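Listed below are the residues making up each chain.
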Amino acid sequence: VQLQACGGGLVQPGGSLRLSCVASGSIFSLGAMGWYRQAPGKQRELVATITSGGTTTYADSVKGRFTISRDNAKSPVYLQMNNLKPEDTAVYYCNGVVFKVIGGSQLYWGQGTQVTVSS
């Protein structure tokens, strides 16, 4: 089982990006999922979470600009980032609870995807 985060890149301030977190392997379903980020010299911080039922939470710094979403319990989890600011520059990671076909559930982390906001 793997989680793969993708969609990062270089964008100008005010621009948008959409990150995707895709699960692969022998997966029955996905539980609560989240996006985190880590800027250089800083600790990893929570950006947004979404439960299997679609309930979302956001860090205050991204409320109104970022949207976490998913279509169903097996679909990718997305992070739509609008009105990006230089302070959003970081490596973004997804994580989540994966209910495996065999072996119960486990928390997984995806590899990071770099988001750089700069003019």
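Our subject is the structure that appears above.
Residues numbered from 1 in each chain as written. Predicted model: local features only at pLDDT ≥ 70, side-chain atom pairs only at ≥ 80, totals over all residues. Heavy atoms only, no water.

**Quick notes on the state of the cysteines**
The final tally for this structure, using the stated rule, is one disulfide. Two residues share a disulfide in this structure: Cys21 and Cys94, whose sulfurs sit 2.1 Å from each other. Where Cys21 bonds to Cys94 through sulfur, the torsion about that S-S bond is close to 65°, and the disulfide is right-handed. Placement of Cys21 in strand S3 (residues 17-24) and of Cys94 in strand S9 (residues 90-100) is noted, with a sequence separation of 73 residues between them. Here Cys21 matches Cys94 in class, with each residue buried. Cys6 takes part in no disulfide bond, and the closest cysteine sulfur to it belongs to Cys21, at a distance of 8.6 Å. (Disulfide = S-S within 2.5 Å. Helix = DSSP H or I, 4+ residues; strand = E, 2+ residues; numbered from the N terminus. Buried < 20%, exposed > 50% of the residue type's maximum accessible area, 1.4 Å probe, protein only.)

**Re the environment of Arg18**
The topology assignment puts Arg18 in strand S3. The class of Arg18 is partly exposed, set by a relative accessible area of 47%. Placed 53 residues apart in sequence, Arg18 and Asp71 show a C-alpha to C-alpha distance of 15 Å.

Note that every value here comes from positions in space, so none of it alone points to a role or purpose.
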